[in-house]
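Coordinates in review
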Amino acid sequence: VGLGDSEVREGQRVHEIWPSVIEKAWAKYKGGYQRTGDFYSATAFSFIGGSAEGYDPRDMSKKEILALLRRAEREGYPMTLGTDSPKDMSRRAEGAMTRLNLHGYHAYAFMGLEGDRVRLYNPWGHGHPTRAIKVSEIQRLFASMSLGRY
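Reference entry: report on the structure contained in this document. (Residues numbered from 1 in each chain as written. Predicted model: local features only at pLDDT ≥ 70, side-chain atom pairs only at ≥ 80, totals over all residues. Heavy atoms only, no water.)

**Description of unusual backbone geometry**
The test is simple: Segments assigned H or I by DSSP are reported as helices when at least four residues long, segments assigned E as strands when at least two residues long, and all are numbered from the N terminus. Classification of residues uses two cut-offs on accessible area relative to the type maximum, computed with a 1.4 Å probe and protein chains only: under 20% is buried, over 50% is exposed, and between them is partly exposed.
Even without a glycine there, the phi angle at asparagine 101 is positive, about 60 degrees. For asparagine 101, the location among the structural elements is in the loop between α4 (91–100) and β5 (107–114). A positive phi is found at tyrosine 105, a non-glycine position, where the angle reads about 55 degrees. Considering the arrangement of structural elements, one finds tyrosine 105 in the loop between α4 and β5. Under the relative-accessibility criterion, tyrosine 105 is labelled partly exposed at 46%.

Put into structure tokens, the structure is as follows:
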């Protein structure tokens, strides 16, 4: 299974598990989930032996965001997108988060592009976004993008 791919096993669609594995490894290293504190994807990518590039989509154009996502997809690099803190959002943004089934201050794995929309995966294994996310929504609802390099 490649970046953003899924396959069917025993009648069920199965996605990559790297986001959950990284999160679990970090929690184990720190002594439990309650001790992980502010967990940033860039820290996790570095923790498992790579390096990371961090970006703030609020400071990027749609063209720059799509170029970065296409690069991750083309080169097979893991990438996460982190939502903004609910306390820093407007009521309108909170409503959009609810409609899209996004959690505040949470990282999602980038699974690929559907045209100019972004497929995300919740590392919890459930509670995934209701649809692919528009780049304009990423600019408005997300505070970080982390590209892992190995």
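**Focus: the layout of surface pockets**
Our working definition: Note on definitions: the grid is 1 Å and covers protein atoms alone; a cavity is a set of points where a 1.4 Å probe fits but cannot get out; a pocket is an open set with protein on both sides within 12 Å along at least five of seven lines; lining residues have an atom within 4 Å of a point. Grid points are joined across faces, edges and corners, and a volume is the space filled by probe spheres set on the points. Three classes are used, and their members are as follows: Ala, Val, Leu, Ile, Met, Phe, Trp, Tyr, Cys and Pro are nonpolar, Asp, Glu, Lys and Arg are charged, and the others, Gly among them, are polar.
The computed volume of the second largest pocket comes to approximately 150 Å³. Forming the walls of the second largest pocket are 10 residues, and the residues nearest its centre are Arg119, Leu120, His128, Pro129 and Arg131. Within the residue set of the lining of the second largest pocket, elements represented by two or more residues are β5 and β6 (117–121). The dominant element in the lining of the second largest pocket, judged by the number of residues it contributes, is β6, at three residues. Of the residues belonging to the lining of the second largest pocket, the class tally is five nonpolar, two polar and three charged.

**Focus: the sheet that holds strand β4 (residues 79–83)**
Keep this limit in mind: When DSSP locates at least two bridges between a pair of strands, those strands are taken to pair.
The strand order across the open sheet built from six strands is β3-β8-β4-β5-β6-β7, with neighbouring strands paired in antiparallel fashion. Where the open sheet ends on each side, the last strands, each with one partner, are β3 (51–55) and β7 (133–134).

**A look at the pattern of salt bridges**
Put simply, the rule reads: We define a salt bridge as a side-chain nitrogen of Lys or Arg found within 4 Å of a carboxyl oxygen belonging to Asp or Glu.
If you walk through the whole model with that rule in mind, you get nine salt bridges. Between arginine 131 and glutamate 137 there is a salt bridge whose closest N-O contact spans 2.6 Å. Given a relative accessible area of 33%, arginine 131 falls into the partly exposed group. Each of Glu53, Arg71, Arg74, Glu75 and Arg149 takes part in salt bridges that share partners, so that together they form one network.

**Some details on the nonpolar core**
Heads up, the condition is: In these notes, a set of buried Ala, Val, Leu, Ile, Met, Phe, Trp, Tyr and Cys residues joined through side-chain atoms within 4.5 Å is what counts as a nonpolar core.
Counting residues in each nonpolar core, the largest one holds 27 residues, and the members touching the most others are Met79 and Phe142. Secondary-structure elements contributing two or more residues to this core are α3 (62–75), β4, α4, β5, β6, α5 (135–141) and β8 (142–149).

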